[in-house]
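Architecture at a glance
Read off the chains here:
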Amino acid sequence: MTSDTVLLTFDGSVAVVSMNRPDRHNAFNDEMDARFFEILTELHERDDVRAIVWRGEGKSFSSGRDTKELGKRSKGESDLEFIQAGHDKTRMLFTMPAPVVVALKGWVLGGSFERALLCDIRIAADDARMGLPETAHGVIPDSGGVARLFQIAGHGVASELALTGRIIDAEGAPRHGIGSRVVPADELDKTAMELAHEIAKRPPLAVKMARRVISQLATAEVDRSMYEEMLAQTVVMSSDEYKHQREERLGRPET
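**Digging into unusual backbone geometry**
For H25, which is not a glycine, the phi torsion comes out positive at approximately 50°. With respect to the secondary-structure elements, H25 resides in the loop between β2 (14-19) and α1 (30-44). Judged by relative accessible area, H25 falls into the partly exposed class, the value being 31%.

**A short note on the sheet that holds strand β6 (residues 121-125)**
Taken together, six strands build an open sheet; the order of strands is β1-β2-β3-β4-β6-β9 and the sheet is mixed. Of all strands in the sheet, those with a lone pairing partner are β1 (6-11) and β9 (181-183), marking the two edges. On average, each strand axis in the sheet is tilted by 25° relative to the strand beside it, whichever way the strands run. Relative to strand β4 (residues 100-104), strand β3 (residues 51-56) runs parallel, the two being bridged by three bridges. In the sheet register, I52 faces β4, and the bridge partner there is V100. Seen against the sheet, α1 touches β1, β2 and β3 and runs at an angle of roughly 30° to β1.

**Description of the packing of helix α4 (residues 145-153) against helix α8 (residues 204-237)**
Interaxial distance between α4 and α8 falls to 8 Å at its minimum, and their mutual angle equals 140°. In terms of axis orientation, α4 runs oblique to α8. Helix-helix and strand crossings are classified by hand; for α4 and α8 the assignment is right-handed. Between α4 and α8, the contacting residues are V146, A147, R148 and Q151 on the first element and A218, T219, E221, V222, S225 and E229 on the second. In terms of residue class, the contact of α4 with α8 is built from four nonpolar, three polar and three charged.

**Details of the nonpolar core**
Among the nonpolar cores identified, the biggest contains 45 residues, and V17, L43, I52, W54 and M130 are the most heavily contacted of them. Setting aside anything within four residues of it in sequence, one finds M130 in contact with L104, V108, L109, F113, R166, I167, I168, D169, A170, A173 and I178. Among the nonpolar cores identified, the runner-up in size contains 17 residues, and V53, A125, V183 and L188 belong to it.

**Observations concerning a nonpolar patch on the surface**
Taken together, the side chains of L80, Y227 and L231 make up a nonpolar region of the molecular surface, amounting to roughly 270 Å² of accessible area. One can find L80 in helix α2 (residues 79-90).

**Considering the pattern of salt bridges**
Considering all chains together, one arrives at 17 salt bridges under this definition. The closest approach of N and O atoms between D48 and R46, which form a salt bridge, is 2.7 Å. You can call D48 partly exposed: its relative accessible area is 39%. Using a relative accessible area of 27% as the deciding quantity, one classes R46 as partly exposed. A salt bridge links K201 to E198, with the shortest nitrogen-to-oxygen separation between them at 3.1 Å. On the basis of relative accessible area, K201 is assigned to the exposed category, the value being 63%.

About the thresholds
Residues numbered from 1 in each chain as written. Predicted model: local features only at pLDDT ≥ 70, side-chain atom pairs only at ≥ 80, totals over all residues. Heavy atoms only, no water. Helix = DSSP H or I, 4+ residues; strand = E, 2+ residues; numbered from the N terminus. Buried < 20%, exposed > 50% of the residue type's maximum accessible area, 1.4 Å probe, protein only. Pairing = 2+ DSSP bridges. Axes fitted to C-alpha atoms, helices over the stretch in contact; angles between N-to-C directions. Contact = heavy atoms within 4.5 Å. Parallel < 35°, antiparallel > 145°, perpendicular 65-115°, else oblique. Left-handed = near helix turned anticlockwise from the far one by under 90°. Nonpolar A, V, L, I, M, F, W, Y, C, P; charged D, E, K, R; others polar. Core = buried A, V, L, I, M, F, W, Y, C linked by side-chain atoms within 4.5 Å. Patch = residues over 30% accessible without salt bridge, like charges linked within 9 Å, V, L, I, M, F, W, Y side chains within 5 Å. Areas by Shrake-Rupley, 256 points an atom, 1.4 Å probe, with all protein chains shown as cover. Salt bridge = Lys/Arg side-chain N within 4 Å of Asp/Glu carboxyl O.

Okay, structure coming up:
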């Protein structure tokens, strides 16, 4: 598809994926989601990419799913089919051909925060604010990020973020293992690119094997959790509670 909602550029052997809906804090809609995974598919097919930087245009990395489109089905799928299709695409982050460095800034929320947690390295700007607001909208986090958050930050932090929607600021990112470092906002892109180029210049087979070992430690449990999330989210989305929540959000009865 032709869309400028997500941009793909290259700096030598480093690919740069930039979310580009700055007027909506890079909130994902269907068009943006499709373009993002189209780019991931393209990167899977390239053998000249040694590292990837994932960033956002404007003030924020991404505020998650556009709340105007929560529960929207462009193809008429069932809830189960919709969630399963999303999971199948999200799993591409497990098999990227090169390490992904994520540059977090501004709002980093919901599914976008979860997807960032599934990547290799996260750097936070000093204005980053991260959270999982899904329960406030009557749904649950369902992109695998809670399992990864559980792995890196522990049961208490994962539970508090998922159940209350508490926001973690940049200072809390390295303390909880969510980010490896915090930098001034105006240095974020430069720092992410420098780190990516540092990875890119290393022997690619060694990098690939090191990532494989790390992946074997963590990904199986995340994948199992995604299956549980799919079932749980399907139950939630078929409930009267969710229907009433959506009616309130949209300001009109469901038809």
